[in-house]
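# Reading the structure
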Amino acid sequence: MDEGNTELFGALAEPGRMRIVSLLRGGPLSVGEIVQRLDMRQPQASKHLKVLQQAGVVEVRAEANRRHYGLRPEPFRELEDWLAGYRELWEERFDRLDAYLRDMPD
């Protein structure tokens, strides 16, 4: 993950946008469906979706006069890869702690 991905963290840090991302885990939805399911005003939802799109989190597909938004897998793969390095670090530390505790005299 590089410095350019701070935009991803910024996009996901806002609670309203995280609610949208969580909702879209179930599949693509139109703006109207997002508004209805999250009880959000349309301008607010559109603003959040624009930020998520600019950060590369969502993609938009036009169908007739509706725009459907869906999650893009790439940013989440990058995030998972980035977190894997930290996960390995903590696992090593827990393994060392476990060994230390086993070797402690009673």
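The structure under discussion appears in the preceding block.
The paragraphs below set out a description of the structure included in this document. Values in this document were obtained by computation on a predicted structure and should not be read as measured data. Position numbers for residues start from 1 in each chain and track the written sequence from start to end. Totals for whole chains, interfaces and linings use every residue, but because this is a predicted model, local features are given only for residues with pLDDT of at least 70 and side-chain atom pairs only at 80 or more, for both listing and counting. Each side-chain value is derived from all of the structure's non-hydrogen atoms; neither hydrogens nor water enter the calculation.

## Quick look at the packing of aromatic side chains
Note on aromatic pairs: the rings of Phe, Tyr and Trp (six-membered ring only in Trp) are paired at centre separations within 6.5 Å, and the planes decide the class, stacked below 30 degrees, edge-to-face beyond 60, tilted for the rest. The tally for this structure, following the rule as stated, stands at two aromatic pairs. Where Phe-9 meets Trp-82, the ring centres are 5.3 Å apart and the plane angle is 65 degrees; that geometry is what we call edge-to-face. Highlighted residues: Phe-9 in helix H1 (residues 6–13) and Trp-82 in helix H5 (residues 73–103), separated in sequence by 73 residues. Given the relative accessible area of 31%, Trp-82 is considered partly exposed. Connected via pairs of aromatic rings, a cluster forms that spans Phe-9, Trp-82 and Tyr-86. Only runs of H or I of at least four residues qualify as helices and only runs of E of at least two qualify as strands under DSSP, and these elements are numbered from the N terminus. The buried label applies to any residue whose accessible area, calculated with a 1.4 Å probe on protein chains only, is under 20% of its type's maximum; exposed applies above 50%, and partly exposed to all values in between.

## Comments concerning the packing of helix H2 (residues 15–24) against helix H4 (residues 42–54)
Across the interface, H2 lies against H4 with an axial gap of 10 Å and an inter-helix angle of 80 degrees. Between H2 and H4, the angle falls in the class roughly perpendicular. For the pair H2 and H4, the contacting residues are Gly-16, Arg-17, Ile-20 and Val-21 in the first and Ala-45, His-48, Leu-49, Val-51 and Leu-52 in the second. Side-chain classes are defined by residue name, with Ala, Val, Leu, Ile, Met, Phe, Trp, Tyr, Cys and Pro counting as nonpolar, Asp, Glu, Lys and Arg as charged, and the others, Gly among them, as polar. Per-class residue counts for the contact of H2 with H4 are six nonpolar, two polar and one charged. An axis is simply a line fitted to the C-alpha atoms; with a helix, the fit covers only the stretch in contact. Between two such axes, the angle follows the N-to-C directions and lies from 0 to 180 degrees. In these notes the angle categories are as follows: under 35 degrees is roughly parallel, over 145 is roughly antiparallel, 65 to 115 is roughly perpendicular, and the rest is oblique. Residues are treated as being in contact if the distance between any of their heavy atoms lies within 4.5 Å.

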